[in-house]
Structure formats: structure tokens, C-alpha cells
Amino acid sequence: MAKEKEPRKPFNLKKELKLAPGYIILLIWVIFTIVLLGWVFCASFSTTPEIFQGKALKFETGLHFENYAKAWNGSGVAVFFGNSLLYSVVSCALLILVCAPAAYVLSRFEFIANKFIQTSFVSAMGVPAIMVVLPLFSVISGLGILNNIPLAKGTLILLYVGINVPYTTIFLLTFFSNISKTYEEAAAIDGCPPMRTFWKIMFPMAQSGIVTVTIFNFINIWNEYFLSLIFASSDALKPVAPGLYGMINSMKYTGDWAGMFAAVIIVFLPTFILYVFLSEKIIGGVTGGIKG
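Treat the numbers as computed from the prediction; the structure is a model and nothing was measured.

Engineer: Sorry if this is basic, but what is going on with the overall build of the protein here?
Structural biologist: Looking only at helices and strands, one finds 13 helices and zero strands in the protein. By the burial criterion, 37% of the 292 residues in the protein qualify as buried. Long-range pairs, those at least 24 residues apart, make up 75% of the contacts in the protein with a sequence separation of at least 6. In the form shown here, the protein has an accessible surface area of approximately 17600 Å², with 70% of it arising from carbon and sulfur atoms.

Here you go:
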């Protein structure tokens, strides 16, 4: 049976006027962001002389698509992009495999350490990363792991997973808490074991929360700078954030600012695409869970 739409609320002029300052501030921020990104996008198709002459928006010499080719192949953006994609995708997959069952157990089963574990996760979210990372770096560098590229990449992925486990678990815990226990009771009556009940019934029902937290984790890991700066010591390991910073520093020698702006657009595209095509899922996942 189709769900009836809620009646539309009447327009309230006084309420809208009270919200007007917020709307104005939001509008100014949106315009500033669009103008800034638009200028960077146009500059990526321009040339360095045109950028310094303030003619990046005029395209007097045409569109220079070769800036993207130079940035991708010559500046190492392809390597940085591939590393970030590897780190983000693998880390997000591992986080769901680890945190979804943990969140389900904490939300459904009462045991002695339940509240303690939840409190520990919340407390861990407030611990600065530098308190954990620097001691780990001394241990990992002492073992010589950073000199081995596959091991170094695996170490960085495990660090991303470990640091994001508390946030991901607490986020998913609220979704599993809102799912009615009648589904599990019905599955138990049919002889379905708890583990199979989770993967076949509960996991799909928490899809909105899983998609939302995965998007947030992907964006955080994609844009992460501090960990990768410490543990990614070579260009073969660097993701986009420290790689792009290195490109900016090299501009004082190469002077290819148009190529740098092209690299910025390439790095920015994945998160932009996620926001554009999955914005409804992000908003739905944050503002509401599954009830019933």
C-alpha cells in the first residue's frame, strides 16, 4: 500500500524572516564556493601566462586539454590517484566488515563489557591521532616495513581502518538499534542462526547507514594528510593530499601553474561526484535511520 504524503505546511512569513540571516549567509558561502571552484576549473584549461595576466576566464589561446595529460602522466598524479583509490576503497571495505558486526552485537546483545566498549569507542574518538601515530611510526620504521612498498601500503591501510573504527562503529550502532527485533525473532523461529540472520536480514536493512558512513570514510581517507605525510615516505606510496602538496612546492621551480590547477581538479573529482550523485543518501543517512 502506498504511503500517503504528509500535508504541506502553510507558509509562515515570520518564521521565514527569522531564518533570513541564515539563508543569506548560506547563499554567500555557496556563491563564494562556486566562484572559487569555477575559477580553478577555468584556470586548468588556461596557460600559466594567462593566469598571471588575469585572463584565465577569457581563453584567448583556446582550451588547453594537454594540461590534464601533463598533470596525469608527467606530474605523478596517476600514481597519487591510484594510491588514494586503493587506500580508500580497501579501508572502507574493511571498516564495514569489522564495524558492522561489532555495531550489531553492541546494539542487540547485553553482556558485561557492552557499555564499557561503547564508552571506550566514544572516548577513542576524542584522542588526537598524533598521540598514537608517532609511537607507531618509531616501531614500524624500526622493523623496516616502510622500506617495503607492499607492506608500507598495507600498514597505512590498517592505520586508516584502526583510526576510523570507533566513529564507524558508533555511527552504525544507532541504525541497528532502530531496527525492530521482530525480524530476528521471525528468523529464529524459521531456524536461521544469528550470524546468518545478521548478513541476510539485518545488514541489508541498515543499508542507508552503511552507505552513508562509507561515503564519509571514503572522503576522510581520500583527503587525509597527516598519516600519509608520516608513513608515505616515497612517491610510490603517497596519496593525493601529500602528493598535491609536493606539486605545489615544485611550482617554484617548474612554474606550471595551469598543470597544477588541472591536478587539483583531478583530485577533487571523486569527492565531487560522490556529493552530487549520493547527496540524498548522505542527507537521509544523517537525518534519519530505520524504524519499525
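Next comes the rest of the write-up.
Engineer: I keep staring at the nonpolar core and nothing clicks. Help me out?
Structural biologist: Core analysis: the biggest nonpolar cluster contains 66 residues, and Tyr87, Leu156, Leu172, Phe176, Leu227 and Phe231 have the highest contact counts within it. With sequence-adjacent residues up to four places away left out, Phe176 is seen in contact with Ala100, Ala103, Tyr104, Ser107, Arg108, Phe198, Met202, Phe203 and Ala206.

Engineer: Please explain the packing of helix H4 (residues 77-108) against helix H7 (residues 149-177) as it appears in this structure.
Structural biologist: How two helices sit against one another is set out by the angle between their axes and by the gap between those axes. Between H4 and H7, the shortest axis-to-axis distance is 6 Å and the interhelical angle comes to 40°. Classified by the angle their axes make, H4 and H7 are oblique. Crossing handedness for the pair H4 and H7: right-handed.

Engineer: Any chance you could explain the side chain of Asn114 here in plain terms?
Structural biologist: If you trace the backbone, Asn114 turns up in helix H5 (residues 114-124). A polar side-chain atom of Asn114 sits 2.6 Å from the main-chain carbonyl oxygen of Phe109. A polar side-chain atom of Asn114 sits 2.6 Å from a polar atom in the side chain of Gln118. Non-local contacts of Asn114, meaning those with residues more than four positions away in its chain, are made with Val105, Leu106 and Phe109.

Engineer: Looking at this model, I keep getting lost on the packing of helix H8 (residues 182-189) against helix H9 (residues 194-205). Mind explaining?
Structural biologist: It is the contact of H8 with H9, at a shortest axis distance of 11 Å, that shows an interaxial angle of 155°. Of the possible angle classes, the one that applies to H8 and H9 is roughly antiparallel. Our pair here, H8 against H9, has a crossing hand that is right-handed. Taking contact as the criterion, the partners of Tyr183, Glu184 and Ala187 in H8 are, on H9, Thr197, Ile201, Met202 and Met205. Broken down by class, the residue content of the contact of H8 with H9 amounts to five nonpolar, one polar and one charged.

Conventions adopted
Numbering of residues begins from 1 in every chain and follows the order in which that chain's sequence is written. Restriction of local features to residues with pLDDT of at least 70 applies here, the model being predicted, together with a cutoff of 80 or more for giving and counting side-chain atom pairs; totals for whole chains, interfaces and linings are based on all residues. To obtain the side-chain values, all non-hydrogen atoms of the structure were included, while hydrogens and water were left out. Every helix listed is a DSSP run of H or I at least four residues long, and every strand listed is a run of E at least two residues long, numbered separately from the N terminus. Buried residues are those whose accessible area, probed at 1.4 Å on protein chains only, stays under 20% of the maximum for their type, while exposed residues exceed 50% and partly exposed ones sit between those limits. Only heavy atoms matter for contacts: two residues are in contact if any of them lie within 4.5 Å across the pair. Accessible surface is estimated by sampling points in the Shrake-Rupley manner with a 1.4 Å probe; for residues, cover comes only from the protein chains shown. The term nonpolar core refers to a set of buried residues drawn from Ala, Val, Leu, Ile, Met, Phe, Trp, Tyr and Cys, joined through side-chain atoms within 4.5 Å. A fitted line through C-alpha atoms represents every axis, and for helices the fit uses only the stretch in contact; the resulting angles, taken between N-to-C directions, go from 0 to 180 degrees. In these notes the angle categories are as follows: under 35 degrees is roughly parallel, over 145 is roughly antiparallel, 65 to 115 is roughly perpendicular, and the rest is oblique. Crossing handedness is defined as follows: a turn of the near helix away from the far one that is anticlockwise and smaller than a right angle gives a left-handed crossing, while the clockwise case is right-handed. What qualifies as a polar contact is a pair of N or O atoms within 3.5 Å, subject to a donor-acceptor requirement within protein and to the restriction that residues adjacent in sequence count only when both atoms come from side chains. Each residue gets one label: Ala, Val, Leu, Ile, Met, Phe, Trp, Tyr, Cys and Pro are nonpolar, Asp, Glu, Lys and Arg are charged, and the others, such as Gly, are polar.

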